[in-house]
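Fold and geometry: a report
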Amino acid sequence: MKPILSPAPIPTRDGFVVIDARGHRCPVPTLKLRRKMEAFQDEPGFILWANDPMAQIDIPHFCNHNNCVLLSTEVVDEAWLFTIARAGR
């Protein structure tokens, strides 16, 4: 039996909702982001973890069309970490 490897710890940031979409294929990471944005309308930003390579295309495209700003994209332990803020906040 193989040991279960725990994923990298998820960094947090005050006022940002963390979304872990690792292990999901697109469009699921984008859908998870959309649902969290609808559920947490008072929160200024979101941190999205995704490891599907298509997220590199889908997340910036989503931000451009949904009144949000992609603050940063980082690679951490073979996953992308997107930091997204609502525009105008």
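Coordinates for the structure precede this section.
Description of unusual backbone geometry
In the segment running from Cys 26 into Pro 27, the intervening peptide bond is cis, with an omega of 20 degrees. Within the secondary structure, Pro 27 sits in the loop between strand S1 (16–20) and helix H1 (28–39). Despite not being glycine, Asp 77 has its phi angle at roughly 50 degrees, a positive value. Its location among the elements puts Asp 77 in the loop between strand S3 (68–76) and strand S4 (79–86). Owing to a relative accessible area of 61%, Asp 77 belongs among the exposed residues under this scheme. In the Ramachandran plot, Glu 78 falls in the positive-phi region, its phi being about 65 degrees despite a non-glycine side chain. Tracing the sequence through the fold places Glu 78 in the loop between S3 and S4.

Considerations on the environment of Leu 71
The topology assignment puts Leu 71 in strand S3. Residues Leu 71 and Ala 85 lie 14 residues apart in sequence; the distance between their C-alpha atoms is 6.7 Å.

Structural notes on the pattern of salt bridges
For side chains bearing opposite charge, pairing can occur when the charged atoms are close. Counting across every chain of the model gives two salt bridges. Across the pair Arg 25 and Asp 52 runs a salt bridge, and its minimum N-O distance is 3.5 Å. Linking Arg 25 in the loop between S1 and H1 with Asp 52 in the loop between strand S2 (45–50) and helix H2 (55–65), this pair joins segments that are 27 residues apart in sequence.

Some remarks on the sheet that holds S1
If you walk across this open sheet you meet the four strands as S1-S2-S4-S3, and the pairing is mixed. Single-partner strands in this sheet number two, and they are S1 and S3. Adjacent strand axes in the sheet meet at a mean angle of 20 degrees when their direction is disregarded. Here S3 pairs with S4 via eight bridges, running antiparallel. The residue of S4 that forms the bridge with Cys 68 is Arg 86. Those strands touched by H2 are S2, S3 and S4, and its axis lies near 0 degrees from that of S4.

Cut-off values and rules
Residues numbered from 1 in each chain as written. Predicted model: local features only at pLDDT ≥ 70, side-chain atom pairs only at ≥ 80, totals over all residues. Heavy atoms only, no water. Helix = DSSP H or I, 4+ residues; strand = E, 2+ residues; numbered from the N terminus. Buried < 20%, exposed > 50% of the residue type's maximum accessible area, 1.4 Å probe, protein only. Salt bridge = Lys/Arg side-chain N within 4 Å of Asp/Glu carboxyl O. Pairing = 2+ DSSP bridges. Axes fitted to C-alpha atoms, helices over the stretch in contact; angles between N-to-C directions. Contact = heavy atoms within 4.5 Å.

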